[in-house]
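Here is what each chain is made of, one letter per residue.
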Amino acid sequence: MSEREVADLRDAVANKLAAYAARLPQAAVTRLDDGDIRLTIDGHRPAAVVMQDSTEVFVLKLSTCYSSYQTAYDDETKLETVDDLLEELDVYLEGRYYEKVYESASGEELHRDLYLNGAHFGGSHDFPRAQLRRLRAKRNYTITP
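Every value quoted in this text rests on a predicted model; they were computed, and no experiment measured them.

Caption draft 1: Representation of the sheet that holds strand β6 (residues 97–103) in the model. Strand order in the open sheet made by the four strands is β8-β7-β6-β9, with antiparallel pairing throughout. Edge strands, defined here as strands with exactly one partner in the open sheet, are β8 (119–123) and β9 (139–143). Strand-to-strand twist in this sheet, taken as the mean axis angle between neighbours without regard to direction, amounts to 25°. Relative to β8, strand β7 (residues 109–116) is paired through four bridges, and the arrangement is antiparallel. Bridge pairing in β8 places L114 opposite G122. Packed onto the sheet, helix α3 (residues 129–136) meets β6, β7 and β8 and runs at close to 115° relative to β7.

Caption draft 2: How the structure looks around the sheet that holds strand β2 (residues 37–41). Strand order in the open sheet formed by five strands is β1-β2-β3-β4-β5, and the pairing between neighbours is antiparallel. The open sheet terminates on both sides in strands that have one partner only, identified here as β1 (27–31) and β5 (66–71). Strand-to-strand twist in this sheet, taken as the mean axis angle between neighbours without regard to direction, amounts to 10°. In this sheet, strand β4 (residues 57–62) lies alongside strand β3 (residues 47–51) in antiparallel orientation, the contact comprising five bridges. Pairing of A47 across the sheet is with L62, part of β4. Those strands touched by helix α1 (residues 3–21) are β1, β2 and β3, and its axis lies near 165° from that of β1. Contacting β2, β3, β4 and β5, helix α2 (residues 75–93) runs over the sheet at an angle of about 5° to β4.

Calculation notes
- Residues numbered from 1 in each chain as written.
- Predicted model: local features only at pLDDT ≥ 70, side-chain atom pairs only at ≥ 80, totals over all residues.
- Heavy atoms only, no water.
- Pairing = 2+ DSSP bridges.
- Helix = DSSP H or I, 4+ residues; strand = E, 2+ residues; numbered from the N terminus.
- Axes fitted to C-alpha atoms, helices over the stretch in contact; angles between N-to-C directions.
- Contact = heavy atoms within 4.5 Å.

This is how it looks when you write it as structure tokens:
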């Protein structure tokens, strides 16, 4: 990609994120010194959408323990990826999710899983560590917003 094409892509992504942020009073879009473009949402349900400087890695962070990383290599797919992440963010912010929490017999939290619209989004630990933590759990429960 030429420098102009990268600049156009960054502007397009920044505009999409800014349009989304305009709907929310606690949201802001920033361009970081390292080249990342970040939509940050503070408040009751903190979240962030990030396009990394490489313009090929996109991150959706929900709450303080869940992250999703996606890659895209052509401009059209990159913009579609941003749209997909914003749709998942909508589901989260609208409260259409639940968390499953796994605890030890002593009450220590071992692992959490997040489900958006009933589909597994991610866990607080990567596999296989997550699987081992789930197996150690003596009880689990569900949290809804």
